[in-house]
Structure formats: structure tokens, C-alpha cells
Amino acid sequence: DKNSILLPAKFRKIGILLIISSVVLAFIFKPVQTSLEFPKEVSSLVYHVLFGLINVGLFAIFYAKRSTDDEMTTQMKLKATMLSVLSVTLMFIIKPIIDTIFGDPITLTAGFTIIMLQSLQILMYYQMKRKLKSDLMHDEE
């Protein structure tokens, strides 16, 4: 389908590979960083690059086509995206209130926020798929 907004299917495997390699590299980098005493700037750069690769991986997984995708699943992905953006936006409205009540606010970085957004997209999408499957099975009975 030439009008599809989704990425080619191979991006799903690329996304999984990016996430796995980022996690493995993070586990390898930590002891190396400690033993070689890298400057703080280098450690920060590696952290941000690995976090960015995880974000790109999540993006590729969510927006890659699947053989079973049709207009309905594309709509479900759009709805999951809208709900996750709304959830994260509401979090930024509610968070200052909670920080005021409980004190000791936690700073949310952009990378963490995007990972949270993309994780919510994936969770909401699969929840919608599970509900649809359950509804279809219930209708068949």
C-alpha cells in the first residue's frame, strides 16, 4: 500500500536489534567506565546515545508494518499514539502538584519522557488488540 504511513516491516527487526544492542552496550560500558574513569562528558554522551538508540528502536517497532496490518490496526496505532500523548501531557500537569505535596521532585529528561510515551503507545496498542480479539471471540459464542 503506497499510502501507508507505516515503516517497512524490516524496521521491526532493526528496532529490536537497536534495543538489544543498546542494553548490552550499557552493561558493557558501566564497568569499563568505572575502571578507566572516563570524563563525565564522555559518560554522558554514551548514555544519551544509548538512550536515543532505545527510543529509535521503540519507534521502529511500533511503526513498522506487520503482515496482519490493515486500516483498522493503523487506526488503533493512531488512537494509541493520541492516548499516550494525552497521558504524558496530563502527567506534566499533575507532576508539579504531586511534587509540591510530597516534595523532592524528580527531574524528567526528554529521553525518559519519549521512552515513556513510546512504551505507552505499545502497551495501549496491544491492550486494544487484546480487547478486540476478546470481543470477537465473545461475539462468536
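These numbers come from a predicted model, not from an experiment.

Trainee: Explanation requested: the overall build of the protein in the structure shown.
Mentor: Counting secondary structure elements, the protein contains four helices and zero strands. Mapped from its N terminus to its C terminus, the protein presents α and β elements in the order α-α-α-α. With the principal axes as the frame, the protein shows a C-alpha extent of 60 × 45 × 30 Å. Evaluated residue by residue, the protein yields a buried proportion of 26% over its 141 residues. Across the protein, every contact between residues at least 6 apart in sequence was considered, and the portion connecting residues at least 24 apart equals 82%. Charged side chains in the protein number 15 positive and 12 negative. The centres of these two groups are separated by 6 Å.

Trainee: Sorry if this is basic, but what is going on with helix 4 (residues 110-140) here?
Mentor: Residues lying three or four places apart along an α-helix face the same way, a consequence of the helix completing one turn every 3.6 residues. Over its 31 residues, helix 4 extends 45 Å from the first C-alpha to the last, a length consistent with the 45 Å expected when each residue adds 1.5 Å. Within the span of helix 4, buried status applies to T113, I115, Q118, Q121, I122, M124, Y125 and M128. In the core, the buried residues of helix 4 are packed alongside helix 2 (40-63) and helix 3 (71-102).

Trainee: What is the right way to read a nonpolar patch on the surface from this model?
Mentor: Judged by side-chain polarity, I16, I20, V24, L25, I28, V32, L36, F38 and V42 come together as a nonpolar surface patch covering roughly 720 Å² of accessible area. Element by element, the count of residues in the nonpolar patch is highest for helix 1 (residues 10-36), at seven residues. Along the chain, the position of V24 falls in helix 1.

Trainee: So what exactly am I meant to see when it comes to the packing of aromatic side chains here?
Mentor: The description of two aromatic rings rests on the distance between their centres and on the angle between their planes. For the coordinates displayed, the defined rule picks out five aromatic pairs. Look at F59 and Y63: their rings are 4.8 Å apart centre to centre, the planes differ by 45 degrees, and that puts the pair in the tilted class. Pair noted here: F59 and Y63 are both in helix 2, with a separation of four residues, about one helical turn. Taking the relative accessible area as the measure of exposure, F59 reaches 39% and is therefore partly exposed.

Trainee: Before we go on, may I ask you to explain the pattern of salt bridges in this structure?
Mentor: A side chain with one charge can pair with a side chain of the opposite charge if their charged atoms come near. According to the stated counting rule, one finds two salt bridges in the structure shown. Here D99 makes a salt bridge to K95, at a shortest N to O gap of 2.5 Å. Note that D99 and K95 are positioned in helix 3 at a spacing of four residues, about one turn of the helix. The exposure classification of D99 matches that of K95, with both residues buried.

Trainee: What's the story with helix 3 in this structure? I'm lost.
Mentor: For helix 3, with 32 residues, the first-to-last C-alpha span of 45 Å sits near the 46 Å given by 1.5 Å per residue. Most pronounced at I94, the bend in helix 3 amounts to some 30 degrees, and the proline P96 follows within four residues. Buried residues in helix 3 make contact with helix 2 and helix 4. At the N-terminal end of helix 3, a side-chain oxygen is found 3.1 Å from the backbone nitrogen of M72, two or three residues along, and the residue is D70. Positive backbone phi, approximately 70 degrees, marks G103, located one or two places after helix 3.

Conventions adopted
Residues numbered from 1 in each chain as written. Predicted model: local features only at pLDDT ≥ 70, side-chain atom pairs only at ≥ 80, totals over all residues. Heavy atoms only, no water. Helix = DSSP H or I, 4+ residues; strand = E, 2+ residues; numbered from the N terminus. Buried < 20%, exposed > 50% of the residue type's maximum accessible area, 1.4 Å probe, protein only. Contact = heavy atoms within 4.5 Å. Lys, Arg positive; Asp, Glu negative; His and termini not counted. Charge placed at Lys NZ, Arg CZ, Asp CG, Glu CD. Expected span 1.5 Å × (residues − 1). Patch = residues over 30% accessible without salt bridge, like charges linked within 9 Å, V, L, I, M, F, W, Y side chains within 5 Å. Areas by Shrake-Rupley, 256 points an atom, 1.4 Å probe, with all protein chains shown as cover. Salt bridge = Lys/Arg side-chain N within 4 Å of Asp/Glu carboxyl O. Phe/Tyr/Trp six-rings, centres within 6.5 Å; stacked < 30°, edge-to-face > 60°. Bend = angle between axes of the 7 residues up to and from the residue. Polar contact = N/O pair within 3.5 Å; in protein donor to acceptor, adjacent residues only side chain to side chain.

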